[in-house]
Amino acid sequence: MSAGAEGAEMSAECRVAQRPGYTELHRACRRTEDVPLPHGGGILLVRRCACAHHSYDGGRDGGR
Ligand SMILES: [Zn+2]
Ligand SMILES: [Zn+2]
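For every chain, the first residue of the written sequence is number 1, and numbering continues from 1 onward in sequence order. For this description, chains carry letters from A and ligands carry numbers from 1, given in the order in which they are written. In view of the model being predicted, local features appear only for residues whose pLDDT reaches at least 70, and side-chain atom pairs are presented and counted only at 80 or more, with totals across whole chains, interfaces and linings using the full set of residues.

Enquirer: I would appreciate a short explanation of the overall build of the protein in the present structure.
Expert: Strands are runs of DSSP state E lasting at least two residues, helices are runs of H or I lasting at least four, and both sets are numbered from the N terminus onward. Each helix and strand counted, the protein has 1 helix and 2 strands in total. Scanning the protein from its N terminus toward the C terminus, one meets helices and strands in the order α-β-β. Two residues form a contact once the distance between their C-beta atoms, set from the backbone, is within 7 Å. Nonlocal contacts in the protein, meaning residues at least 24 apart in sequence, comprise 25% of its contacts between residues at least 6 apart.

Enquirer: Sorry, what's going on with the environment of isoleucine 43 here?
Expert: Looking at where isoleucine 43 falls in the secondary structure, it is placed in the loop between β1 (35–36) and β2 (44–46). Apart from residues no more than four positions distant in its own chain, isoleucine 43 is found in contact with Pro36 and Leu37.

Enquirer: I tried to follow the confidence of the model for the protein on my own but got confused; where do I start?
Expert: Should pLDDT be low for a region, the predicted coordinates there are not to be read in detail. When the pLDDT values of the protein are averaged, the result is 80; 72% of them are 70 or greater. One number per residue, pLDDT, summarises how confident the predictor is, and it ranges from 0 to 100. For the protein, per-element mean pLDDT is lowest for β2, which scores 87, and highest for helix α1 (residues 12–17), which scores 94.

Enquirer: So what exactly am I meant to see when it comes to the nonpolar core here?
Expert: Across soluble globular proteins, nonpolar side chains have a tendency to be buried as a group. Any set of buried Ala, Val, Leu, Ile, Met, Phe, Trp, Tyr and Cys residues joined through C-beta atoms within 7 Å is what this text calls a nonpolar core. Whether a residue is buried, exposed or partly exposed is read from the other C-beta atoms within 10 Å of its own C-beta, which are placed from the backbone; 20 or more gives buried, 12 or fewer gives exposed, and intermediate counts give partly exposed. Judged by nonpolar contacts, Met10, Cys14, Ala17, Cys49 and Cys51 together constitute the single largest core of 5 residues. Look past the residues within four positions of cysteine 14 in its chain and what remains in contact with it is Leu25, His26, Cys29, Cys49, Cys51 and His53.

Enquirer: Would you take a moment to explain unusual backbone geometry for this structure?
Expert: Note on backbone geometry: most residues besides glycine have negative phi, and most peptide bonds are trans. Not every positive phi belongs to a glycine, and histidine 39 is a case in point at roughly 60°. Owing to 6 C-beta atoms within 10 Å, histidine 39 belongs among the exposed residues under this scheme.

Enquirer: Would you mind going over the environment of glutamate 9 with me for this structure?
Expert: Mapped onto the elements, glutamate 9 comes out in the segment before α1. Setting aside anything within four residues of it in sequence, one finds glutamate 9 in contact with Arg47 and Ala50.

And the structure:
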C-alpha cells in the first residue's frame, strides 16, 4: 500500500465524514479557512481543512 497524498490535514470531523453514513459530519467541521495567528507574521494558527468538501471555488451556492 502506498501512502498516497496523505500529507494534507483534515479535521477529525471530516475524517469520519469520509465514511458512508457519516457525511453530515462535514457540517461539523469549521475549519473551512485558514486562521492566521494574530501578529504571527503570516503563521497560520489553524490550517484550512484539506477535505475536498470545502474546496468550493467561487461559491455559487449561497455566500456573498
Ligand atoms: Zn469535509
Ligand atoms: Zn473539513
